[in-house]
Amino acid sequence: MERVPMVKSRKETFRILLLMGTSHGYGRQLIDGATQYLYESGHRADFEFRGYDEPIPPWVREWKGDGILTRRGDTRTSTILRPLNVPVVTVSCLDEESDLTVDEDAVAALAVAHFQERGLQHFAYYTQCDLYWTQLRERAYVSAVERIGKKCHVFVRRTKTFVPWYGWKTSEKKRLAQWLGDLPKPVGLLAAHDLHAREILDLCQVESISVPGEVAILGTSNEAWFCRLPNPGLSSIIQDSRRLGYEAARILCAKIRGEPFPEMPLRFPPLGIETRGSTDVIAVNDEDMVQAKQLVREGAERGITVKEILEELQISRRTLERKYKATFGRTLAADIVTTRIERAKELLRETDWAVGNIARLLHFVSEVHFFHVFRREVGCSPLEYRQRK
């Protein structure tokens, strides 16, 4: 019969083992969130610097502690960790057994909306390797594209390891270049990871394909130094990985104490998109719509109104609203609000400015009005959003 781990006293200090890779920004952010909770709660953490997919180190079999956070939940991991007879919480989406993971449907919906806002009518997905999490992301994105009545063009290299495209066999490189060249243009391309997005950006430059003019490229994870390095910079989806790590540590400690914890798996939506040059495009032939979108981008921060845009364009409101919705997937008024909120999210992430100052900068009627609109659009208050970051 399986033994039940001893329940710890509420006031006792726990020793937690963090088995999460430190070689990628996503894994380091998970650790950052987990250690934040452990620090606040007075517990200690053990970990080692390790690669993204390294096996569990042998010394773990001799480790003595109270609970384990790990990114792995496969058979090999379970076989090693089960004899330790301590609570285990798995994070991320490397396999079916993860307790806390990314909300792939939310990632996909955000990517599609990002491309629609730029007037893109064609969609593609690229991944450099065929793993469980890339399959989840692919299915979610294809479904999101199909829900708006469009087709998603997919390229998947059927391998479990990451090898830069320039290291592929000649026939494989030709196949990828052919696929990229044959895509209907302009196209919004979601890559499974920032590394994969960089692959496509490099290949586009080799093949003389304009980015973002012909191919707008969006990655995920938003490891800042990596995304800023190329020219143009890579736009990327910002995962809520610190919060994921924080909640994982909190749930693990609840397990150790024998307290109730949420039903799992728990899924965490992304924080937003860091927009850089690789998706900075307005892919529209209608000059009125291009001007309207530019006015929204340039004027949202100062509180531009639909009336002001109508006066600038000298076009009827009915015509403008109908064409704008058909082109960008949302009404003009809604796009103004969304653009202001995205700017607010950026300021909350990147500065320590008071919320009231941000509300005034973005010309909201009042701080209370800003809180109301932000909660309605984002699902949490500005302060909660900043804390999650």
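Above this text is the structure in question.
Given the structure is predicted, the values throughout are model-derived calculations rather than measurements.

## Description of the overall build of the protein chain
Along the protein chain, the regular secondary structure elements total 15 helices and 12 strands. Relative to a compact globule of 389 residues, whose C-alpha radius of gyration would be 21 Å, the protein chain shows 23 Å and is just as compact. With the C-alpha coordinates of the protein chain rotated into their principal frame, the extents come out at 75 × 60 × 35 Å. A buried classification covers 53% of the 389 residues belonging to the protein chain.

## Brief notes about the sheet that holds strand β10 (residues 235-238)
Taking strand neighbours across the sheet as the criterion, the six strands line up as β7-β6-β8-β9-β10-β12 in an open arrangement whose pairing is mixed. Each edge of the sheet is formed by a strand with only one pairing partner; in this case those strands are β7 (152-156) and β12 (272-274). Taken over all neighbouring pairs, the strand axes of this sheet differ in orientation by 25° on average, direction set aside. Summarising the sheet, strand β6 (residues 122-127) and strand β8 (residues 187-191) pair through five bridges and their orientation is parallel.

## Describing the packing of aromatic side chains
Evaluated as defined, the whole model comprises 11 aromatic pairs. Relative to tyrosine 141, the ring of tyrosine 125 lies with its centre 6.2 Å away and its plane at 40°, an arrangement referred to as tilted. One end of the pair, tyrosine 125, is in strand β6; the other, tyrosine 141, is in helix α4 (residues 132-147), and 16 residues separate them in sequence. Here phenylalanine 370 and phenylalanine 374 contribute two aromatic rings whose centre-to-centre distance is 5.7 Å and whose plane-to-plane angle is 65°, an arrangement assigned as edge-to-face.

## A few points about helix α12 (residues 332-350)
Count 3.6 residues to each turn of an α-helix, and residues three or four apart come out pointing the same way. With 19 residues, α12 should cover 27 Å at 1.5 Å per step; its first-to-last C-alpha distance of 27 Å lies within 8% of that length. Buried residues of α12: Leu332, Asp335, Ile336, Thr338, Arg340, Ile341, Ala344, Lys345, Leu347, Leu348 and Arg349, and no others.

## Looking at unusual backbone geometry
Omega for the peptide link from lysine 185 to proline 186 comes to -10°, which places this bond in the cis form. Note on placement: proline 186 falls in the loop between α5 (170-182) and β8. Look at the link from asparagine 231 to proline 232: it is a cis peptide, with omega at 5°. Locating proline 232 in the fold gives a position in the loop between α7 (224-228) and β10. Positive phi, normally seen in glycine, also occurs at asparagine 85, with a value near 55°. Here asparagine 85 is to be found in the loop between α2 (75-81) and β4 (88-90). A positive phi angle, near 55°, is found at asparagine 222, a position not held by glycine. Relative to the helices and strands, asparagine 222 is located in the loop between β9 (215-220) and α7.

## Notes on the environment of serine 236
With respect to the secondary-structure elements, serine 236 resides in strand β10. A C-alpha to C-alpha distance of 20 Å links serine 236 and glutamate 377, two positions 141 residues apart in sequence. Sequence-distant contacts of serine 236, that is, excluding residues within four places in its chain, are made with Asp194, Leu218, Gly219, Thr220, Ser221, Asn222, Cys227, Gly272, Ile273, Glu274 and Arg276. Within the local environment of serine 236, its side chain forms a polar contact with the backbone nitrogen of asparagine 222, the two atoms lying 2.8 Å apart.

## Considerations on the pattern of salt bridges
Within this structure, the stated rule accounts for 24 salt bridges. Residue arginine 330 is joined to glutamate 117 by a salt bridge in which the shortest nitrogen-to-oxygen separation is 2.6 Å. Taken together, the residues span a long stretch of sequence, with arginine 330 in the loop between α11 (317-328) and α12 and glutamate 117 in the loop between α3 (104-116) and β6 at a distance of 213 residues. The exposure classification of arginine 330 matches that of glutamate 117, with both residues buried. With a shortest N-O distance of 3.3 Å, glutamate 346 and arginine 343 are connected by a salt bridge. Of this pair, glutamate 346 and arginine 343 both sit in helix α12, three residues apart, which is roughly one turn of the helix. On the basis of relative accessible area, glutamate 346 is assigned to the partly exposed category, the value being 31%.

## Thoughts on the environment of isoleucine 16
Structurally, the position occupied by isoleucine 16 is in strand β1 (residues 15-19). For the pair isoleucine 16 and proline 230, spaced 214 residues apart in the sequence, the C-alpha separation amounts to 38 Å. If we ignore the near neighbours within four places in the chain, the residues touching isoleucine 16 are Leu38, Arg44, Ala45, Asp46, Trp63, Gly67, Leu252 and Ile256.

## Quick notes on the nonpolar core
By size, the foremost hydrophobic cluster in this structure holds 47 residues, and its most contacted members are Leu69, Val89, Val91, Leu100, Phe115, Tyr141 and Leu190. Those elements that place two or more of their residues in this core are β1, α1 (25-41), β5 (100-102), α3, β6, α4, β9 and α8 (241-257). The greatest single-element share of this core, amounting to seven residues, is contributed by α8. Those residues in contact with phenylalanine 115 that sit more than four places away from it in its chain are Leu120, Phe123, Tyr141, Gly188, Leu189, Leu190, Ala216, Leu218 and Thr279. Core analysis: the second largest hydrophobic core is formed by 24 residues, Tyr126, Trp168, Trp179 and Cys227 among them.

## Description of the pairing of β8
One face of the sheet, then the other: side chains in a regular strand alternate in exactly this way. Taking burial as the measure, the five residues of β8 include five buried ones, the bulk of the element. What you see with β8 is no split at all: Val187, Leu189 and Ala191 on one side and Gly188 and Leu190 on the other are buried throughout. Pairing of β8 with β9, which is carried by four bridges, proceeds in the parallel orientation. Across the sheet, the residue bridging to leucine 190 is leucine 218, located in β9. As a crossover connection, the stretch from β8 through helix α6 (residues 194-206) into β9 is right-handed.

Reading guide: rules and limits
As a convention, each chain's residues are numbered from 1 in the sequence order in which they are written. Only residues with pLDDT of 70 or above have their local features reported here, since the model is predicted, and side-chain atom pairs are shown and tallied only from 80 upward, although totals for entire chains, interfaces and linings are computed over all residues. The basis for the side-chain values is all heavy atoms of the structure; hydrogens and waters are excluded. Helix and strand definitions here come from DSSP, where helices need a minimum of 4 consecutive H or I residues and strands a minimum of 2 consecutive E residues; each element is numbered from the N-terminal end. Atoms counted for the radius of gyration: C-alpha only. Globule rule: 2.2 Å times residue count to the power 0.38. Three labels apply to residues, based on accessible area from a 1.4 Å probe with only protein chains included: buried if under 20% of the type maximum, exposed if over 50%, partly exposed otherwise in between. DSSP bridges decide pairing: two strands pair if at least two such bridges lie between them. Inter-axis angles, ranging from 0 to 180 degrees, are taken between N-to-C directions of lines fitted to C-alpha atoms, where helices are fitted over the stretch in contact. Side-chain rings of Phe, Tyr and Trp (the six-membered ring for Trp) are treated as a pair once their centres are within 6.5 Å; stacked means planes under 30 degrees apart, edge-to-face means over 60, and tilted covers the remaining angles. Helix span is expected to be 1.5 Å times the residue number reduced by one. In this description, contact between two residues means that some pair of their heavy atoms is separated by no more than 4.5 Å. Polar contact is defined as a pair of N or O atoms within 3.5 Å, subject to the rule that within protein one atom must be able to donate a hydrogen and the other to accept it, and that residues adjacent in sequence are counted only when both atoms are side-chain atoms. Salt bridges, as used here, are contacts in which a Lys or Arg side-chain nitrogen is within 4 Å of a carboxyl oxygen on Asp or Glu. By convention a nonpolar core is built from buried Ala, Val, Leu, Ile, Met, Phe, Trp, Tyr and Cys residues, the set being connected through side-chain atoms within 4.5 Å. By convention, a crossover is right-handed whenever its connection, traced from the first strand over the helix to the second and viewed with the strands pointing away, goes clockwise.

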